[in-house]
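In case you want the letters, here they are:
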Amino acid sequence: MRTFNLIDEPWVPVLYSDAHPGVVRRVGLRQLFDDAHEIRDLALPPLERVAVMRLLICITQAALRGPQDESAWATCLPDIVPKVKAYLQSHHDCFDLFGQRPFLQVAALQPTAGKTDEDLAPLDKLNFAWASGNAHTLFDHAALGGRREISTPELALFLLTFQCFHPGGLLGFALWDGKQTVRSTSQAPCIEGSPLLALLIGDTLLQTIHWNLIPQSRLEYQPLGKPIWEFPAPPFPDSEEASQVTNSYLGRLVPLARAIKLLPDSSRCLLTKGLEYPKFPASREPMATVVLRSDGKTLGYLGVSPDKHPWRDLHSVLLLGKIQELGGPLCLHNLLSALSEDRTVDLWVGGMTADQAKIIDAREWLFSFRTNILTESALAIYREGVEFANKQEEALRAAVRYYCNQLALESRSLTSKASPLYWSLLDGYYPELINIAQSSATLDSWERRCRSVAREVYASTCPAQTPRQIQAFVKAQALVFATQKKGAAA
C-alpha cells in the first residue's frame, strides 16, 4: 500500500542558516521542528508560504493547547519543540496522504454512480498556477502536452494550499458517507474578500512560529477548538459536529474547504464541496487586517491589490485592534513585549486576489521597521504622510486635466498614465516615510519628495514642445502646483 507521511517524508522546502546560504532542502515535519532553530525561513512562493505556516502554527498550538494568555505566550518558546514532537508522534497516522485517515481528505468519499476514472478531477486542478480544464493557458502551456509528472512532495503542498485558497465555483458531485454533495462552493477562508494576509518573520523558523502564535485569550469569543485531523473522520457539511470545526480557531487555521480524496497511482482525484466556514464578521481571519469600507459604515478586510503597493495602507496593517475591531493581524500584539527594546522586525504581507471564482494574481511584499512605529503617535505621522501623497496625486491629476483643457484635449488617457507612474516612482521611497514615523520627525522631507515626484511625472506626461503646449504646461503648473504648495504652507 502506498504511503507518504508528512512527518517522516521530506516535502517542505526550507533554507538553513548554515555555511550553505541559498541552498534549498526539503524536510519532513519532524526534522523541520528538530532543526527549527537552525532553519532561516521557508523557501516557498506566497500562497504556499501562508498554507504551510498555518499548518505549523496549528500543529504548535494544538500541541501546546494554547498558549492560554499573553504571559503563557511569553514563556512557551522552550516548550514548542518537545511538545510538538510528542504531539506528532501521538497523531502520526493522521499525517499520511494515503492512509486510512488521509491527511486533509475525506476517506469516505466515493464517486457517484456511472462515473469513470476519466470523469474525475485531474490533479492539475490542485495547483492554481497550472492551466486545467477551463482555466487559461496564458502562462502555462504544459497542459497541452499531456499528463504532467507531479511528485508526491509537490502534491502535499498543492493539497494544503488548495484547501486554504480555492476561490469557489462549481465542482463535481460525489458521495460522502453515501450522501450526495452539492456542486456550488464559496471562497475558502484565505481568499474571502481577497485579504492581505500578514506574518511576522523571525531570525529563525522557530522564532517565526513563536511570533505568530495567537493566545487563546486574544481570540475572545472564538474557541480554540482542535484541528480537523483530531476528529475520527471529517464531519459531513452542515452537521452539528461540522460547526465545531468551522467555528473554532484551529479548525479554521487549516481548513477542509473542499472534500478531496487522492487516489494512489492515479493522475486524478475526487473533488467536491467541503465544509462551509463562517464569513466576516461572524468569524475573523486572524492574519488579515480589518478596515472601514468606502461607505464609512461597515467593516471588511483590507484586500490585496496587484496595482497598489501595500505601504499606502501600512498604518492600517500596523494598527493594534481586537478581534472584532479595526486593526491588523492578531499576531502583532506579540510585538508589545519587544516595544521597549525598540528592535527591528520583518513583516511579510501577501495573498491572492480573485474576482468571484476567477483568480487574478498572487503577490507578496516584505516590510522592515522598528517596533516603536506601533505607537499611536508614530502611526499618526505615517498616516498623515500617506494622506499627503494622496493629495499630491490629486494635484497631479488636476494639473494634467487643466493642461488638457487648455489644449482642448481629452484628459482621460493622460491622467490614467500619470497616476500609475506617480505611484510607481513613489513606491521606491516609502522607507523614507517609515524612518520619519519611527523617529517622530517632521514630514517636511517627505512632502518635498512627493512634490518632486509629482512634478517629475507631470513633466514626463504633458509635452511642452510647441508654443501652445508650453503655455498650457506653465499655466497648469503655476495654478495647480504653486497654489497647492502655498495652501499647504499656510
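As the structure is a prediction and not an experimental result, all values here were calculated from the model.

What to know about the sheet that holds strand β4 (residues 109-110)
At step 1: Taken in spatial order, the three strands make up an open sheet running β4-β7-β8, and their pairing is antiparallel. Across the chains shown, the open sheet's two edge strands, defined by having one partner strand only, are β4 and β8 (179-180).
At step 2: In this sheet, β8 lies alongside strand β7 (residues 175-176) in antiparallel orientation, the contact comprising two bridges. Within β8, the residue paired with tryptophan 176 across the bridge is lysine 179.

Quick notes on the nonpolar core
At step 1: Residues Trp229 and Trp311 are the most contacted members of the largest nonpolar core, which totals 161 residues.
At step 2: Setting aside its immediate chain neighbours within four residues, tryptophan 229 contacts Leu55, Cys58, Ile59, Tyr87, Cys94, Phe95, Arg101, Phe103 and Val254.

Focus on the pattern of salt bridges
At step 1: One pass over the full model with this rule turns up eleven salt bridges.
At step 2: The salt bridge involving aspartate 8 is made with arginine 30; its shortest N-O contact spans 2.5 Å. Highlighted residues: aspartate 8 in the segment before β1 (12-16) and arginine 30 in helix α1 (residues 29-34), separated in sequence by 22 residues.
At step 3: Taking the relative accessible area as the measure of exposure, aspartate 8 reaches 39% and is therefore partly exposed.
At step 4: Salt-bridge contacts for lysine 273 lead to glutamate 276; the nearest nitrogen and oxygen are separated by 3.2 Å.
At step 5: A residue is classified by how much of its surface remains accessible, and lysine 273, at 18% relative accessible area, is buried.
At step 6: A residue is classified by how much of its surface remains accessible, and glutamate 276, at 34% relative accessible area, is partly exposed.
At step 7: One salt-bridge network, in which partners are shared between bridges, spans Arg54, Glu192, Arg252 and Glu285.

Digging into a nonpolar patch on the surface
At step 1: Together, Leu292, Leu319 and Leu326 give the surface a local cluster of nonpolar side chains, amounting to about 240 Å² of exposed area.
At step 2: Within the secondary structure layout, leucine 319 lies in the loop between α9 (314-317) and β15 (344-355).

A short note on the environment of leucine 97
At step 1: Within the secondary structure layout, leucine 97 lies in the loop between α4 (77-90) and β4.
At step 2: Taking the C-alpha atoms as reference points, leucine 97 and proline 329, 232 residues apart in sequence, are found 31 Å from one another.
At step 3: In this structure leucine 97 touches Phe4, Leu6, Pro102, Phe103, Gln105, Thr152, Ala156, Leu159 and Leu262, once residues within four positions along its chain are discounted.

Some words on the sheet that holds strand β11 (residues 258-262)
At step 1: If you walk across this open sheet you meet the three strands as β5-β12-β11, and the pairing is antiparallel. Each having just a single partner strand, β5 (121-122) and β11 make up the two edges of the open sheet.
At step 2: When β5 meets strand β12 (residues 268-273), the two strands line up antiparallel, connected through two bridges. By the bridge assignment for β12, proline 122 is matched with arginine 268.
At step 3: In the packing of helix α5 (residues 152-165) onto the sheet, the strands contacted are β11 and β12, and the crossing angle to β11 comes to about 165°.

Remarks on unusual backbone geometry
At step 1: Look at the link from glycine 66 to proline 67: it is a cis peptide, with omega at 5°.
At step 2: Inspection of the secondary structure puts proline 67 in the loop between α2 (46-64) and α3 (70-75).
At step 3: Looking along the chain, the bond that leaves phenylalanine 280 and enters proline 281 is cis, with omega of 10°.
At step 4: Assignment of secondary structure puts proline 281 in the loop between β12 and β13 (290-292).
At step 5: For leucine 104, which is not glycine, the phi dihedral falls at a positive 55°.

Cut-offs used in this document
Residues numbered from 1 in each chain as written. Predicted model: local features only at pLDDT ≥ 70, side-chain atom pairs only at ≥ 80, totals over all residues. Heavy atoms only, no water. Pairing = 2+ DSSP bridges. Helix = DSSP H or I, 4+ residues; strand = E, 2+ residues; numbered from the N terminus. Core = buried A, V, L, I, M, F, W, Y, C linked by side-chain atoms within 4.5 Å. Buried < 20%, exposed > 50% of the residue type's maximum accessible area, 1.4 Å probe, protein only. Contact = heavy atoms within 4.5 Å. Salt bridge = Lys/Arg side-chain N within 4 Å of Asp/Glu carboxyl O. Patch = residues over 30% accessible without salt bridge, like charges linked within 9 Å, V, L, I, M, F, W, Y side chains within 5 Å. Areas by Shrake-Rupley, 256 points an atom, 1.4 Å probe, with all protein chains shown as cover. Axes fitted to C-alpha atoms, helices over the stretch in contact; angles between N-to-C directions.

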